[in-house]
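# Architecture at a glance
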Amino acid sequence: MTRKRDEFEVNNKTTNSVFSEVMDARISRRSLFKMGGLGLTAGIASLFPSMPFASEQTTKAVDAAKSGSLSFRAVPYSSLDTVIVPEGYKAVAFYKWGDPVGIVGNSPEFKKDASNSADEQAVQAGMNHDGMAFFPLGEGDERSRRGLLAMNHEYVDNGLLFTDGDQNWSADKVLKSQNAMGISVIEVAKNSNGDWDVVRPSKYARRITPHTEMSVSGPAKGHTLFKTAADPTGSKVLGTMQNCANGETPWGTYLTCEENWADIFVKEGEQTALEKRYGIAGSDESYRWVEFDDRFNVNKNPNEVNRFGWVVEIDPEDPTSTPIKHTALGRFKHEGAMLVVAPDQRIVVYMGDDQRFEYIYKFVSNGKFDPAKGKKNSDLLTDGILYVARFDDSGKGVWLPLLFGQNGLTAANGFNNQGDIVINARGAADIVGGTKMDRPEWVAADPKNPGHIYCTLTNNKNRGKAGYPAVDAANPREDNLFGHIIHWHEAGSDATADHFSWDILALAGSDQTDNPNYKAQNSGDAFGSPDGLVFDNNGILWVQTDVSSSTINQKAYQGMGNNQMLAVDPADGYFKRFLTGPNRSEITGIAFTPDNRTMFINIQHPGETDSGTTAPDAVLALSSWPDGPAAGRPRAATVVIQRLDGGVIGS
């Protein structure tokens, strides 16, 4: 994910009055930071062939027999510029930035010198693949052999996207940059050899960009702060962008989440309190859209900024359908949207706001899911109650409703209606007293144990520093370099409950075995900065890491190699490293076929530099994945992973 958002937190340094005091002194600082796990940091290059992908051959990593149902042999740390998976598995990159989506009659090929036009980029894979979901097609066994992948393209690198980088900036460059963001929908299928291909052409193929028309639902529709000169009704929005993680619905639609949208808007001069709370800056030297597109000039179009920061619903099976921005789910830097069906058939959506000292939310629908209604169930996301989580130091927690007229959400505090609340969900959460977390990212719901929910908290270097919130029970480490994974159990195993109990599944970078106050008994392979988090269909939790390039070089991370993906059975807390990625890449996006015999993941920003410079030569010096140096530049890509014997992934 783009690093700009890692550099600051937005106007949220003060401690809520409901915050716990510093956690019990019985917890040993030494135990909190003690490194856990086994890894090989020397001689790795001799163990793996130098090729775009490699499988483990002779590692001395943790014995598989000690990790329950996880039978694969863990791979070691690696600094190789490749994707490494366990012995007996194969991994293939098959949908790369610039590859044609497969639209009938319009499938331009990628040009390695980045000379593709803006119009060509609009029908090619976008940059920096992120969250995704698999939607089966057909019946029976065919559902695991054919389907649609919907995936996000989070952000762009100007140095790689253009032949001359940031030079000669123009409206055409802005358009190409915009067309490199958004979403891809592609058709994929197994061929006669058992390998996966992108189906081209395909009637389903589609790209969604910042120029795709979208409708609006919920309390912000028609709101004064939603209306613009181009849309005086406040009911239609052009586009989505900075799409990070995702979700999917039981009626077969894709939820894409707008995260770092605030980075692209510019407001010169004095900012409103709302603009400050969401981090609108006075300049933008990264994307530079504002120079040729007044939509992103807040001085000229003050309400356009309020139309981003939402969860967007897309029907992957209908390329003519209009995406919907569901404002009832709140506006913030959405990392993902984990949707579950509660015992009474109401819909619950769990969401994280990925910035330091921000919150975990959930939305509970007023209506109930009815399979017979099919995609008309989308209306459930338009009407319901938005909550923010408070984690108490007792190991209990409550969901605080963000409802107009309750808990201080009144005109006296700047909220005149529910539309005001969802547009300024952060401000509402401040007032009711949610717990400020260490960058809430992906949320995952255990399919085998209803009401058990997990969330990755990637890191927070400012926790406990002067002028910032102190440690609390749910965020127990100062200068939280490694991050942690929190778990809560909804009361009565009911996702609609208003209270829960909680513990910490893992304090990353620490084995934490001598801390009796928290679960945190994780052992096995060490990791840092957990990010992507998904359960497979068999109840195994998969964890992906996003250690920034600048952080991974710090002393505490030295020897830990590239970003990775691990598997864990939450019941025993034993983490096994399943995959390591190319140099300077993030491991993100994860989806499974229904039979759990195919896994799809995404590799983002291979070759990312410490400084953020994206000139091809500088990046190629760090990574040439997946096509090698002759390809001109590294490319983010979707990777398909299978067992060589066709068996179930991870078992």
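Residues numbered from 1 in each chain as written. Predicted model: local features only at pLDDT ≥ 70, side-chain atom pairs only at ≥ 80, totals over all residues. Heavy atoms only, no water.

With that out of the way, let us pick up the overall build of the chain. Helix and strand content of the chain: nine helices and 33 strands. Taken over 651 residues, the chain has a buried fraction of 63%. Restricting to contacts in the chain with at least 6 residues of sequence separation, those with at least 24 account for 67%. For the chain, the exposed area adds up to about 22,100 Å²; of that, 49% sits on carbon and sulfur atoms. (Helix = DSSP H or I, 4+ residues; strand = E, 2+ residues; numbered from the N terminus. Buried < 20%, exposed > 50% of the residue type's maximum accessible area, 1.4 Å probe, protein only. Contact = heavy atoms within 4.5 Å. Areas by Shrake-Rupley, 256 points an atom, 1.4 Å probe, with all protein chains shown as cover.)

Taken residue by residue, helix 4 (residues 171-179) has Lys 173, Val 174, Lys 176, Ser 177, Gln 178 and Asn 179 as its buried positions. Buried-residue contacts for helix 4 involve helix 2 (118-121), helix 3 (158-161) and strand 8 (206-208).

Okay, the environment of Thr 382 next. Along the polypeptide, Thr 382 turns up in the loop between strand 18 (360-368) and strand 19 (384-391). Along the sequence, Thr 382 and Lys 325 sit 57 residues apart, while their C-alpha atoms lie 9.5 Å from each other. With residues up to four places along the chain from it excluded, the contact list for Thr 382 reads Ser 217, Gly 218, Pro 219, His 326 and Ala 328. Engagement of the side chain of Thr 382 in a polar contact is seen with the backbone oxygen of Asp 379, the distance being 2.6 Å. (Polar contact = N/O pair within 3.5 Å; in protein donor to acceptor, adjacent residues only side chain to side chain.)

In this section: the packing of aromatic side chains. Taken as a whole and judged by the stated rule, the model has 32 aromatic pairs. Pairing Trp 542 with Phe 578 gives two aromatic rings, centres 5.1 Å apart and planes at 85°, and the pair type is edge-to-face. Of the two residues, Trp 542 sits in strand 28 (residues 541-545) while Phe 578 sits in strand 30 (residues 574-580), which places them 36 residues apart along the sequence. Through a chain of ring-to-ring contacts, three or more aromatic side chains come together here, namely Tyr 350, Phe 391, Trp 399, Trp 488, Phe 500 and Trp 502. Taking NZ or CZ as reference, Lys 173 lies 5.0 Å from the ring centre of Phe 162, over its face. The ring of Phe 72 carries the charged tip of Lys 576 above its face, separated from the ring centre by 4.7 Å. (Phe/Tyr/Trp six-rings, centres within 6.5 Å; stacked < 30°, edge-to-face > 60°. Lys NZ or Arg CZ within 6 Å of the ring centre and 35° of its normal.)

To continue, consider the environment of Pro 447. Inspection of the secondary structure puts Pro 447 in the loop between strand 22 (440-445) and strand 23 (452-457). Measuring from C-alpha to C-alpha, the distance between Pro 447 and Asn 537 comes to 7.1 Å, with 90 residues separating the pair along the chain. With residues up to four places along the chain from it excluded, the contact list for Pro 447 reads Phe 535, Asp 536 and Gly 539.

A sheet is described by the order of its strands in space; here four strands give the open sequence 3-33-32-31, paired in antiparallel fashion. The strands lining the two open edges of the sheet, one partner per strand, are strand 3 (89-96) and strand 31 (586-592). Direction aside, the axes of adjacent strands within the sheet are offset by 25° on average. Both strand 3 and strand 33 (residues 637-643) contribute to a ladder of seven bridges, which runs antiparallel. Directly across from Lys 90, in strand 33, lies its bridge partner Gln 642. (Pairing = 2+ DSSP bridges. Axes fitted to C-alpha atoms, helices over the stretch in contact; angles between N-to-C directions.)

Before going further, it helps to spend a moment on the nonpolar core. Met 351 and Tyr 361 are the most contacted members of the largest nonpolar core, which totals 65 residues. For this core, the secondary-structure elements that each account for two or more residues are helix 3, strand 12 (254-258), strand 16 (346-352), strand 18, strand 19, helix 6 (418-423) and helix 7 (425-432). Looking at this core element by element, the count peaks at four residues for helix 7. Formed by 48 residues, the second largest nonpolar core is a distinct cluster that contains Ala 508, Val 534, Ile 590 and Trp 625. (Core = buried A, V, L, I, M, F, W, Y, C linked by side-chain atoms within 4.5 Å.)

Inspection of every chain in the model, using the stated rule, returns zero disulfides. There is no disulfide at Cys 257, and the cysteine sulfur nearest it, in Cys 244, is 8.0 Å away. (Disulfide = S-S within 2.5 Å.)

So, on to the confidence of the model for the chain. Averaged over all residues, the pLDDT of the chain equals 89, while 86% of them reach at least 70. Throughout residues 17-66 the model reports pLDDT below 50, and contacts reaching past four residues in sequence, or to other chains, amount to 123 contacts. (pLDDT = per-residue confidence, 0-100.)

This paragraph deals with unusual backbone geometry. Backbone phi values are negative for most residues with the exception of glycine, while trans is the configuration of most peptide bonds. A cis geometry characterises the amide bond from Arg 200 onward to Pro 201, with omega recorded as -5°. Phi is positive for Gln 345, close to 75°, though the residue is something other than glycine. Assignment of secondary structure puts Gln 345 in the loop between strand 15 (338-341) and strand 16. Even without being glycine, Phe 357 reaches a positive phi, approximately 65°. Looking at the secondary structure, you find Phe 357 in strand 17 (residues 356-358).

What follows is about the sheet that holds strand 13 (residues 311-314). Here six strands make up an open sheet; going across it, the order is 10-9-14-13-12-11 and the pairing mixed. Edge positions in the open sheet fall to strand 10 (236-238) and strand 11 (243-248), since each of these has one partner strand only. The mean inter-strand angle of the sheet, taken between neighbouring strand axes irrespective of direction, is 35°. Strand direction decides the pairing type here: strand 12 and strand 13, joined by four bridges, are antiparallel. Each bridged residue has a counterpart across the sheet, and for Thr 256 the counterpart in strand 13 is Val 312.

As a further point, take helix 7. Residue pairs three or four apart in sequence face the same way in an α-helix, which turns once every 3.6 residues. Burial within helix 7 is extensive, with six of its eight residues counted as buried. Buried within helix 7 we find Ala 425, Arg 426, Gly 427, Ala 428, Ala 429 and Val 432. Tucked inside the fold, the buried residues of helix 7 contact helix 5 (273-277), strand 17, strand 18, strand 19, strand 20 (396-401) and helix 6.

Summed over all chains, the structure comprises 32 salt bridges. Put simply, Arg 426 and Asp 353 hold a salt bridge, and the shortest N to O gap is 2.7 Å. Here Asp 353 lies in the loop between strand 16 and strand 17 and Arg 426 lies in helix 7, a separation of 73 residues in the sequence. For Arg 426, a relative accessible area of 0% puts it in the buried group. Residue Asp 353 is classed as buried on the basis of its relative accessible area of 0%. Two residues, Glu 358 and Arg 426, come together in a salt bridge whose shortest N-O distance is 3.6 Å. With Glu 358 in strand 17 and Arg 426 in helix 7, the pair connects residues that are 68 residues apart, well separated along the chain. Glu 358 gets classed as buried once you look at its relative accessible area, which sits at 0%. Here the salt bridges share partners, and the residues they tie into one network are Arg 277, Asp 353, Glu 358, Arg 426, Asp 430 and Lys 436. (Salt bridge = Lys/Arg side-chain N within 4 Å of Asp/Glu carboxyl O.)

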